[in-house]
Amino acid sequence: MSAEQLHKIVVNAPFLEACIDSDSGLLAALYARQCITRQQKEYLSESRRSERNSALLDILSRRSAAHFVSFIETLNELGQTHIARVLDEGGGRQTELYI
């Protein structure tokens, strides 16, 4: 994942954790696109929603740039365009991220 993509996740984490609808088939779709593994899908499925979204973002922040793009595409396909837009365009507050 690029520094810019990671920055978008970090800066917008509170919004993303609160607003991602991970009960709408998102996990199955991410697994089908190979964005998450079967073990990650099972772990996330067993987690409470608030914890699930935080864990999902943590998992995705360790994946490739291509997985990040696929995550955005999946959100768009599932009607979570407001979430996808934040990740694609940035959104959130302006901060500096040092890696």
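Whatever comes next refers back to the structure up there.
Residues numbered from 1 in each chain as written. Predicted model: local features only at pLDDT ≥ 70, side-chain atom pairs only at ≥ 80, totals over all residues. Heavy atoms only, no water.

*Asks:* What should I look at first to understand unusual backbone geometry in this one?
*Replies:* Peptide bonds are trans in most cases, and residues, glycine excluded, mostly fall at negative phi. You will see that Gln34, though not glycine, has its phi angle at about 65°, which is positive. On the basis of relative accessible area, Gln34 is assigned to the exposed category, the value being 61%. (Buried < 20%, exposed > 50% of the residue type's maximum accessible area, 1.4 Å probe, protein only.)

*Asks:* Quick question: what am I supposed to make of the environment of Ser54 here?
*Replies:* Mapped onto the secondary structure, Ser54 falls in helix H4 (residues 49-61). In this structure Ser54 comes out as partly exposed when scored by relative accessible area, which is 30%. Along the primary structure Ser54 and Ala18 are separated by 36 residues, whereas in three dimensions their C-alpha atoms are 9.0 Å apart. (Helix = DSSP H or I, 4+ residues; strand = E, 2+ residues; numbered from the N terminus.)

*Asks:* What's the story with the environment of Ser50 in this structure? I'm lost.
*Replies:* Checked against the element boundaries, Ser50 lands in helix H4. Note: C-alpha distance between Ser50 and Ala28 (22 residues apart in sequence) is 18 Å.

*Asks:* Teacher, can you tell me more about helix H6 (residues 81-89) here?
*Replies:* Buried residues of H6: Ile83, Ala84, Val86 and Leu87, and no others. Buried residues of H6, seen end-on, are gathered within an arc of 160° and therefore sit on one face of the element. One or two positions beyond H6, positive phi appears at Gly90, with a value near 110°. (Arc of directions from axis to C-beta.)

*Asks:* How do you make sense of helix H5 (residues 65-77) when you look at a structure like this?
*Replies:* For an α-helix, the turn length of 3.6 residues means that residues three or four places apart are oriented alike. Between its first and last C-alpha atoms H5 spans 19 Å; for 13 residues at 1.5 Å apiece the expected length is 18 Å, and the two agree. Turning to H5, its buried residues are Phe68, Ser70, Phe71, Ile72, Thr74 and Leu75. Tucked inside the fold, the buried residues of H5 contact helix H1 (3-19), helix H2 (26-32), H4 and H6. Of the residues trailing H5, Gly79 is marked for its positive phi of about 85°. (Expected span 1.5 Å × (residues − 1). Contact = heavy atoms within 4.5 Å.)

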